[in-house]
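Residues per chain are reported as follows:
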Amino acid sequence: LADNNPNHRTDTGQKLYQTWKVADESNIPSRIEIEADKIKVWWSREDWQHEPSTFCAAWLYENRLDSSSREEDQCFAVDIWEEGESKRISAFCNVKDFLYGEDKTLKAALNHFWRSGYLYLSGSVANMADLERVAERVGYIRETNYGRTFEVFAEDKPLNLANSVDALSVHTDNPY
């Protein structure tokens, strides 16, 4: 619940904290009130103590993660990397074959990506149009309030994490 704390977002809904930084003892609830259609959570974290986070029952139900939901997500085998294996990364295929080749090339590339966690395409050109073509070959590009693509850079007074000096963890921009 701490990761979805509605009290610590900007006016645009952006989080001002990293998900991985919320997972420590300081985010343990210090008090919980259960009402008919919602719960209120007060956090032990110092900068979150001033007001409770309120979660409605419908949202909690829609976002539950019970054991059957977790089992549904375990639908493919993955290759666990051993120490030092990243040095062996080589190109899976040429970007032109990936973009304009047969569907079996795309299927093999995506299977490789799901198993290994990476897909290295050789012969690519470093421009946004080519990057978008690769992304579109894989699936739909979800537009956010930043547009189709977004260049990450640091600002002195950031309004969101993308423009802070903090490293960004794996995430999806604005799926809400």
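The structure this text deals with has already been given above.
What this report covers is the structure whose coordinates are included nearby. A quick note: this is a predicted structure, and the numbers were derived from the prediction, not measured.

All right, on to the side chain of His-112 then. Within the secondary structure, His-112 sits in helix 4 (residues 103–116). Non-local contacts of His-112, meaning those with residues more than four positions away in its chain, are made with Phe-92, Gly-117, Tyr-118 and Leu-119.

Turning our attention to the sheet that holds strand 3 (residues 53–56). A sheet is described by the order of its strands in space; here 3 strands give the open sequence 1-2-3, paired in antiparallel fashion. If you trace the sheet from one side to the other, it starts and ends with strand 1 (29–34) and strand 3, each paired once. With strand direction ignored, the average angle separating the axes of adjacent strands in the sheet is 20°. As paired elements, strand 2 (residues 38–43) and strand 3 share 4 bridges and run antiparallel to each other. Bridge assignment links Lys-38 to a residue of strand 3, and that residue is Cys-56.

Counting through the fold element by element, Glu-132 comes out in helix 5 (residues 128–138). Given a relative accessible area of 19%, Glu-132 falls into the buried group. Discounting chain neighbours no more than four positions away, the residues touching Glu-132 are Ile-141, Arg-148 and Thr-149.

Pairing of strand 1 with strand 2, which is carried by 5 bridges, proceeds in the antiparallel orientation. Following the sheet pairing, Ile-34 is matched in strand 2 by Ile-39. Remark: 3 residues form the turn of the hairpin made by strand 1 and strand 2, two consecutive strands paired antiparallel.

A general trend in soluble globular proteins is that nonpolar side chains are found buried together. In this structure, Cys-93, Val-95, Phe-98, Leu-99, Leu-106, Ala-109, Leu-121 and Val-134 together form the largest nonpolar core, which totals 8 residues. The set of elements that each furnish at least two residues to this core consists of helix 3 (95–100) and helix 4. No other element matches helix 3, which puts 3 residues into this core. Apart from the residues within four sequence positions on either side, Phe-98 is in contact with Cys-93, Thr-105, Leu-106, Ala-109, Leu-119, Leu-121, Val-134, Arg-137 and Val-138.

Going through the model one piece at a time under the given rule, you end up with 8 salt bridges. Among the salt bridges present, the one from Asp-130 reaches Arg-133, with a minimum N-O distance of 2.2 Å. In this pair, Asp-130 and Arg-133 are both assigned in helix 5, 3 residues apart and thus about one turn of the helix distant. Notably, a salt bridge pairs Arg-148 with Glu-136, separated by 2.4 Å at the nearest N-O pair. One end of the pair, Arg-148, is in the segment after helix 5; the other, Glu-136, is in helix 5, and 12 residues separate them in sequence.

Cut-off values and rules
- Residues numbered from 1 in each chain as written.
- Predicted model: local features only at pLDDT ≥ 70, side-chain atom pairs only at ≥ 80, totals over all residues.
- Heavy atoms only, no water.
- Helix = DSSP H or I, 4+ residues; strand = E, 2+ residues; numbered from the N terminus.
- Contact = heavy atoms within 4.5 Å.
- Pairing = 2+ DSSP bridges.
- Axes fitted to C-alpha atoms, helices over the stretch in contact; angles between N-to-C directions.
- Buried < 20%, exposed > 50% of the residue type's maximum accessible area, 1.4 Å probe, protein only.
- Core = buried A, V, L, I, M, F, W, Y, C linked by side-chain atoms within 4.5 Å.
- Salt bridge = Lys/Arg side-chain N within 4 Å of Asp/Glu carboxyl O.

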